[in-house]
Amino acid sequence: MLPSLRRGWTRKCPHCGNGALFNGYLSVCDTCETCGEEFHHHRADDMPAWATILIVGHLLASAVLTVEQGFQPPYWVHVALWPTLGVALCLLLLPRIKGAVVAMQWANRMHGFDLAREPAQSLD
């Protein structure tokens, strides 16, 4: 689990660690170009956005309170600093968290990553 999470965090294939997991900022590749592992069936959904908001919100809230209590800067410093830092942290963390979520699904054989899973049978 831990090696695959590390590979996902670095936006690499959780199986081989060499191929790219993304073909854009947040677009997951259908398959790994190195080992051929399929990723088209992943279901990261809202988990990366939720985790990013949770982490960035806690970091910024504590930083804002610490800076205000310790230094009491003018309001223009708050207006210039915190939105910029918040956007930068979100842009930095979101693809890494999404990579880790896809890697976690791969390591736990969730959402189509299970090799032994039989295709769904038709009820016709």
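Placed above this text is the structure.
Everything quoted here is computed from the prediction, not taken from an experiment.

### Overview of the environment of Val-102
And then number 1: Assignment of secondary structure puts Val-102 in helix 3 (residues 75-107).
And then number 2: On a C-alpha basis, the gap between Val-102 and Gly-24 in space is 15 Å, while along the polypeptide they are 78 residues apart.
And then number 3: In contact with Val-102, other than residues within four places in its own chain, are Leu-21, Val-28, Phe-39, His-42, Ala-44 and Phe-113.

### Observations concerning the packing of helix 1 (residues 2-9) against helix 3
Any two packed helices are characterised by the angle at which their axes cross and by the distance between the axes.
And then number 1: At a closest axis distance of 7 Å, the pairing of helix 1 and helix 3 adopts a crossing angle of 150°. Considered as vectors, helix 1 and helix 3 are oriented roughly antiparallel to each other. For the pair helix 1 and helix 3, the sense of crossing is right-handed. Facing Ser-4, Leu-5, Gly-8 and Trp-9 of helix 1, the residues of helix 3 in contact are Leu-93, Arg-96, Ile-97, Gly-99, Ala-100, Ala-103, Met-104, Trp-106 and Ala-107.

### Quick notes on the state of the cysteines
And then number 1: Per the counting criterion, the structure on display carries 0 disulfides.
And then number 2: As a non-bridged cysteine, Cys-16 has Cys-32 as the owner of its nearest cysteine sulfur, 3.8 Å distant.
And then number 3: Not engaged in a disulfide, the cysteine Cys-35 finds its nearest cysteine sulfur in Cys-32; these two sulfurs lie 3.7 Å apart.
And then number 4: We classify Cys-35 as partly exposed; its relative accessible area is 32%.

### Side note on the side chain of His-78
And then number 1: On the secondary structure map, His-78 appears in helix 3.
And then number 2: Accessibility expressed as a relative area gives 12% for His-78, which makes it buried.
And then number 3: Dropping the residues within four chain positions of it, His-78 is found in contact with Val-64, Val-67, Glu-68, Pro-73 and Pro-83.

### Things to note about the nonpolar core
And then number 1: Formed by 18 residues in total, the largest nonpolar core has its most connected members in Leu-21, Val-28, Phe-39 and Val-102.
And then number 2: Every element with two or more residues in this core is listed here: helix 2 (47-71) and helix 3.
And then number 3: For this core, the leading source of residues is helix 3, giving 7 residues.
And then number 4: With residues near it in sequence (within four places) discarded, Phe-39 still touches Cys-13, Pro-14, Leu-21, Val-28, Cys-29, Asp-30, Thr-31, Cys-32, Val-102 and Phe-113.

### Considering the environment of Ile-55
And then number 1: Here Ile-55 shows up in helix 2.
And then number 2: Here the alpha-carbon distance between Ile-55 and Met-110, two residues 55 residues apart in the chain, equals 24 Å.
And then number 3: Once you skip the residues sitting within four places of it in the chain, Ile-55 turns out to touch Leu-93 and Ile-97.

Criteria and thresholds
Residues numbered from 1 in each chain as written. Predicted model: local features only at pLDDT ≥ 70, side-chain atom pairs only at ≥ 80, totals over all residues. Heavy atoms only, no water. Helix = DSSP H or I, 4+ residues; strand = E, 2+ residues; numbered from the N terminus. Contact = heavy atoms within 4.5 Å. Axes fitted to C-alpha atoms, helices over the stretch in contact; angles between N-to-C directions. Parallel < 35°, antiparallel > 145°, perpendicular 65-115°, else oblique. Left-handed = near helix turned anticlockwise from the far one by under 90°. Disulfide = S-S within 2.5 Å. Buried < 20%, exposed > 50% of the residue type's maximum accessible area, 1.4 Å probe, protein only. Core = buried A, V, L, I, M, F, W, Y, C linked by side-chain atoms within 4.5 Å.

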